[in-house]
Amino acid sequence: MGYHDSEHTKNVRDWKEVFDFLLQDPTFVPASPEPEDKEMRKLTNQWPENPPEFRAICQEYAQEVEKLSYKLLELISLSLGLPADRFNGYFKDHTAMLRLNYYPPCPCPDLALGVGRHKDASALTVLAQDDVGGLQVKRKSDGEWIPVKPIPNTFIINVGDTIQVTMDSFLLNFGQVFLQLLGDTFSNLFHDILKVWSNELYESVEHRVVVNSERERFSIPTFFFPSHCVMVKPLEELVNEQNPAKYKEYNFGKFFVARNRSDYKKLQVENIQIDHFKISNN
Ligand code: OGA
Ligand code: NI
């Protein structure tokens, strides 16, 4: 955890610097992706000494985003016809991580990406961004990359239909929270895990970040990851003869470690994706 600048997305180095910290310190994850290896690795935060107030501000922000994430999970659960707390158990020892992204100006913006195309491995991601812009989402109907316009004091959230929702301030300090919901285009929130849990009632969408030659850009995603021991699979309540499970179950911790390993080196193959767990004859 802490500062680093060498992350790769799909084998290409991202044009960015990041500072990562865990919401729960320490956090335990599997030591390796091998299924039979039971060893755990302890992850801890590395805080800089300066500026002195940095740590406390980051932690306060993270706590509020954590509350928002639970609220959103409850709403999603209700929208699936399930009890509000249906997902909570999966997050008891969550492995959530907050990232401060810094995208420096790039002399050749056509040749680089701030973050290459990807889907977040989280159940949900709460993304704050500044007014520079650069985030794009891939529209499913025609594969076109659509910019996500920054709106002040908003978080980016991804759900199904073309709707925009305004919510009153339930988040301390951030005034009005405006959930930007851009239908089948949208982006960053309800990602792979939700796609599996909901047996594809919620879809995750690919996104990427483009850079520009003039302005630096900052963004703050909080990745709400479940506990490492969670076995992710379509929820039983949502599976029946008409809607058979579309995914095999996978262990979140092992998946997470496999994904992370491949983020820092060039590989011969694309890194692991949830499609690897898709049941093929559906
Ligand atoms: C990410 C990401 C989007 C952004 O870090 O996974 O998609 O706008 N970031 O920085
Ligand atoms: Ni992302």
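Residues numbered from 1 in each chain as written. Chains lettered and ligands numbered in written order. Predicted model: local features only at pLDDT ≥ 70, side-chain atom pairs only at ≥ 80, totals over all residues. Heavy atoms only, no water.

As annotated in an unreviewed UniProt entry, the chain carries the name Oxoglutarate/iron-dependent dioxygenase and comes from Corchorus capsularis. UniProt's Sequence similarities (unreviewed entry) comment on the chain is quoted here verbatim: "Belongs to the iron/ascorbate-dependent oxidoreductase family." (UniProt positions renumbered as here; feature names shortened; annotations may be inferred.)

Chemist: Account for the overall build of the chain, naming residues and giving values.
Modeler: The helix and strand tally for the chain stands at three helices and 18 strands. Counting the 282 residues in the chain, one finds 49% classified as buried. Across the chain, the fraction of contacts at a sequence separation of at least 24, relative to all contacts at a separation of at least 6, is 72%. Approximately 14000 Å² of the chain is accessible, and the part contributed by carbon and sulfur atoms is 52%. (Helix = DSSP H or I, 4+ residues; strand = E, 2+ residues; numbered from the N terminus. Buried < 20%, exposed > 50% of the residue type's maximum accessible area, 1.4 Å probe, protein only. Contact = heavy atoms within 4.5 Å. Areas by Shrake-Rupley, 256 points an atom, 1.4 Å probe, with all protein chains shown as cover.)

Chemist: Could you give an account of the state of the cysteines, naming the residues involved and the relevant values?
Modeler: Evaluated as defined, the whole model comprises zero disulfides. The cysteine C106 is free of any disulfide, with C108 supplying the nearest cysteine sulfur at 6.1 Å. Residue C106 is classed as buried on the basis of its relative accessible area, which comes to 2%. By relative accessible area, C108 is classed as partly exposed at 40%. (Disulfide = S-S within 2.5 Å.)

Chemist: Provide a residue-level description of the pattern of salt bridges, including the pertinent values.
Modeler: Counting across every chain of the model gives 12 salt bridges. Across the pair E236 and K233 runs a salt bridge whose closest N-O atoms are separated by 3.5 Å. Given a relative accessible area of 62%, E236 falls into the exposed group. The class of K233 is partly exposed, set by a relative accessible area of 33%. Residues joined in a network through salt bridges with shared partners are E7, D14, K16, D20 and R99. (Salt bridge = Lys/Arg side-chain N within 4 Å of Asp/Glu carboxyl O.)

Chemist: I'd like a description of the site of ligand 1, backed by residues and values.
Modeler: Near ligand 1 you find N101, Y103, H118, D120, L127, L135, H207, V209, R217, S219, P221 and F223, and these make up its full shell. Here H207 contributes a side-chain N or O atom positioned 2.9 Å from an oxygen atom of ligand 1. Those elements giving two or more residues to the shell around ligand 1 turn out to be β7 (97–103), β15 (207–209) and β16 (217–224). Ranked by the residues each element gives to the shell around ligand 1, the list is headed by β16, at four residues. Of the residues assigned to the shell around ligand 1, the class counts are six nonpolar, four polar and two charged. (Near = heavy atom within 4 Å. Polar contact = N/O pair within 3.5 Å; in protein donor to acceptor, adjacent residues only side chain to side chain. Nonpolar A, V, L, I, M, F, W, Y, C, P; charged D, E, K, R; others polar.)

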